[in-house]
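Architecture and fold: a report
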Amino acid sequence: MLEQKILGIKTEALERIRSVKDDAGLFEFEKKYLGRKSELTGILKGLKDLSQEDRKKIGELANAVKMEISEALEGKKRELKNAGFDFESERIDVTIPSKANGYGHPHILSIVQREIEDIFTAMGFEIADGPEIEQEFYNFDALNVAKDHPARDMQDTFWLKPEIQNPKSKIQNKSENILLRTHTSPVQVRYMEKHKPPFKIIVPGRAFRNEATDATHEHTLHQFEALVVGDGVNVGNFKYIAETFFTKFFGKKLEIRLRPSYFPFVEPGFEFDISCTVCGGRGCPSCKHTGWLEVGGAGMVNQNVFVSAGYKRNAYQGFAWGFGLERLAMMKYKIDDIRLIESGDLRFIRQF
Ligand code: PHE
């Protein structure tokens, strides 16, 4: 009797599932044949009232039928799901060659910076750095720049408003002005505060100038500072190191020329030139027929700077020099407009 009934449920369910067409139909079907109140579930619940022998027989049959109906339901679910899927339009042709996935590479400034770092570290220099947001003290005072020096002017320096200064900063004193460093020279003092001579360092880094941009000036530039301090360091040492550096960097024998100049943090101070990398010194349009290219500033460290850093006056000698990374990159790679360098224009960047 019960067996007939179970087989009847099975026949009916397997027949019924064929006409199910949507989610609502699936739901109804599941409720009717497998749900808590379904006939089949009722039979399974009533097994406990049967004799041991019937319980085994009916139980096995009811469970097998339940399984079969579940499978039919799952099959129908898959069928309906696939019916809503347009295989043809979703077809992927795995034989089509893929689009070339271009590789990136370092930016020209990174390339040049690494070249410079390699040359200096091979000569025993260490690489140091310091903050781009700087205190007026390190950028100017400690470097012996007079309080009324025009370089501190609104024209050249990006001063930061007190309200955007970090409230957690130790520099709470309002009179301590904060700025974007105008050169990498403040790192000289920061480094010397923590290190005793002798040492040789280079400081690659960004600097900022509040000035109009043109083909040779940018408000954001990269500088390289070099500082060598010890006993008996002299201008000859500077000239030798500078000549060695530029000769390696440009891959040809170059000469250095010093011209007297003034920077408050050096005494004596120079501007230095290298023999023209294009004509070798004979004179050409690149060097305006002088045979020389202006490269940067340099000089023997002013004793006042040593004192700012906590050294005894006249205990050491040292030289410092600074040059612009962009200018060197432009000379080496023959770029005629500095603004291209940070333009982000891939047509430019990909050339290097
Ligand atoms: N800091 C100077 C500048 O930015 C360059 C310089 C560095 C000059 C070290 C002398 C010594 O122009």
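Residues numbered from 1 in each chain as written. Predicted model: local features only at pLDDT ≥ 70, side-chain atom pairs only at ≥ 80, totals over all residues. Heavy atoms only, no water.

Notes on the overall build of the protein chain
For the protein chain, the helix and strand inventory stands at 11 helices and nine strands. Computed over its C-alpha atoms, the radius of gyration of the protein chain comes to 40 Å, more than 25% above the 20 Å expected for a compact globule of 352 residues. Each principal axis of the C-alpha atoms in the protein chain carries an extent, and together these give about 120 × 50 × 40 Å. Relative to its 352 residues, the protein chain shows a buried fraction of 40%. Sequence separation of 24 or more characterises 65% of the internal contacts of the protein chain that already satisfy a separation of 6 or more. Split by element, the accessible area of the protein chain, about 21000 Å² in all, is 52% carbon and sulfur. (Helix = DSSP H or I, 4+ residues; strand = E, 2+ residues; numbered from the N terminus. Rg over C-alpha atoms; globule rule 2.2 N^0.38 Å. Buried < 20%, exposed > 50% of the residue type's maximum accessible area, 1.4 Å probe, protein only. Contact = heavy atoms within 4.5 Å. Areas by Shrake-Rupley, 256 points an atom, 1.4 Å probe, with all protein chains shown as cover.)

Some remarks on the site of the ligand
Around the ligand, the structure places 13 residues, and the nearest of them are H183, S185, R209, Q223 and G322. At a separation of 2.9 Å, a nitrogen atom of the ligand approaches a polar side-chain atom of S185. Separating an oxygen atom of the ligand from a side-chain N or O atom of R209 is a distance of 3.0 Å. Here the ligand has 320 Å² of accessible area as a free molecule, and 89% of this is covered by the chains. Looking at the shell around the ligand, the elements that each hand over two or more residues are strand 5 (220-230), strand 8 (292-301) and strand 9 (317-324). Ranked by the residues each element gives to the shell around the ligand, the list is headed by strand 9, at three residues. Across the shell around the ligand, the residue classes tally to six nonpolar, five polar and two charged. (Near = heavy atom within 4 Å. Polar contact = N/O pair within 3.5 Å; in protein donor to acceptor, adjacent residues only side chain to side chain. Nonpolar A, V, L, I, M, F, W, Y, C, P; charged D, E, K, R; others polar.)

Quick notes on the domain arrangement of the protein chain
Taken domain by domain, the protein chain consists of domain 1 (2-90) and domain 2 (108-349). With centres defined by C-alpha atoms, the gap from domain 1 to domain 2 works out at 83 Å. (Domains from an automatic or database assignment.)

Remarks on the pairing of strand 5
Counting buried positions along strand 5 gives 11 out of 11 residues, so the element sits mostly inside the fold. Here strand 5 shows two buried faces, one formed by T220, H222, F224, A226, V228 and G230 and the other by L221, Q223, E225, L227 and V229. Inspection of the sheet shows strand 4 (residues 199-208) paired to strand 5 by 10 bridges, in the antiparallel sense. Residue pairing in the sheet places R206 in a bridge with H222 of strand 5. As paired strands, strand 5 and strand 9 are joined by eight bridges and run antiparallel to one another. Bridge pairing in strand 9 places F224 opposite F323. (Pairing = 2+ DSSP bridges.)

Description of the sheet that holds strand 4
Spatial ordering of the open sheet is given by 1-4-5-9-8-7-6, a layout of seven strands whose pairing is mixed. Both edges of this open sheet fall to strand 1 (126-127) and strand 6 (256-261), since each of them pairs with a single strand only. When strand 1 meets strand 4, the two strands line up parallel, connected through two bridges. Paired with E126 across the strands is I201, a residue of strand 4.

Side note on the packing of helix 5 (residues 108-122) against helix 10 (residues 325-333)
Interaxial distance between helix 5 and helix 10 falls to 10 Å at its minimum, and their mutual angle equals 95°. Taken together, the axis directions place helix 5 and helix 10 in an arrangement best described as roughly perpendicular. Along the contact surface, helix 5 presents I108, L109, I111, V112, Q113, E115 and I116, while helix 10 presents L325, E326, L328, A329, K332 and Y333. A per-class count over the contact of helix 5 with helix 10 returns nine nonpolar, one polar and three charged. (Axes fitted to C-alpha atoms, helices over the stretch in contact; angles between N-to-C directions. Parallel < 35°, antiparallel > 145°, perpendicular 65-115°, else oblique.)

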